[in-house]
Amino acid sequence: LMERFSEYDFIVVKLDIDTPSIEMPLANQLLHDPKLHRLVDHFYFEHHVDFWEMGSAWGPDIEGTAHDSFQLFHRLRQNGIAAHS
């Protein structure tokens, strides 16, 4: 992203790989990299967490809780990224 786009571009990122071991490092990179905060305008992420209503669809490969998900989205929004689930 940083090599091809500038903060003047409108960038929307959708992350839905259905593999938390891949998704979470990418989401955390977005959360912690100020350069990405300036680039990414909207972030859509199906965060697979321990949420019994979705357990049958998501299976056992989940990381975190609904509270962790709310925290992640809140912190992304604090960094200027409109984050959506």
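Placed above this text is the structure.
Residues numbered from 1 in each chain as written. Predicted model: local features only at pLDDT ≥ 70, side-chain atom pairs only at ≥ 80, totals over all residues. Heavy atoms only, no water.

J.: Explain the sheet that holds strand β2 (residues 40-45) here, please?
T.: Hydrogen bonds between backbone groups are what pair the strands of a sheet, and the pairing can be parallel or antiparallel. With parallel pairing, 3 strands are arranged side by side in an open sheet as β1-β2-β3. Of all the strands in the sheet, just β1 (11-15) and β3 (82-84) have a single pairing partner and so form its edges. Direction aside, the axes of adjacent strands within the sheet are offset by 15° on average. The pairing of β2 with β3 spans 3 bridges and is classified as parallel. (Pairing = 2+ DSSP bridges. Helix = DSSP H or I, 4+ residues; strand = E, 2+ residues; numbered from the N terminus. Axes fitted to C-alpha atoms, helices over the stretch in contact; angles between N-to-C directions.)

J.: Explain helix α1 (residues 20-32) to me, please; I cannot follow it from the model alone.
T.: Count 3.6 residues to each turn of an α-helix, and residues three or four apart come out pointing the same way. Taking 1.5 Å of rise per residue, 13 residues should cover 18 Å, and α1 covers 18 Å from first to last C-alpha, within 8% of that figure. Where α1 is concerned, the buried positions are Pro20, Glu23, Met24, Ala27, Leu30 and Leu31. Viewed end-on, α1 has its buried residues packed into an arc of 125°, placing them on one side of the element. Where α1 is buried, its residues contact β1, α2 (34-39), β2 and α4 (66-78). (Expected span 1.5 Å × (residues − 1). Buried < 20%, exposed > 50% of the residue type's maximum accessible area, 1.4 Å probe, protein only. Arc of directions from axis to C-beta. Contact = heavy atoms within 4.5 Å.)

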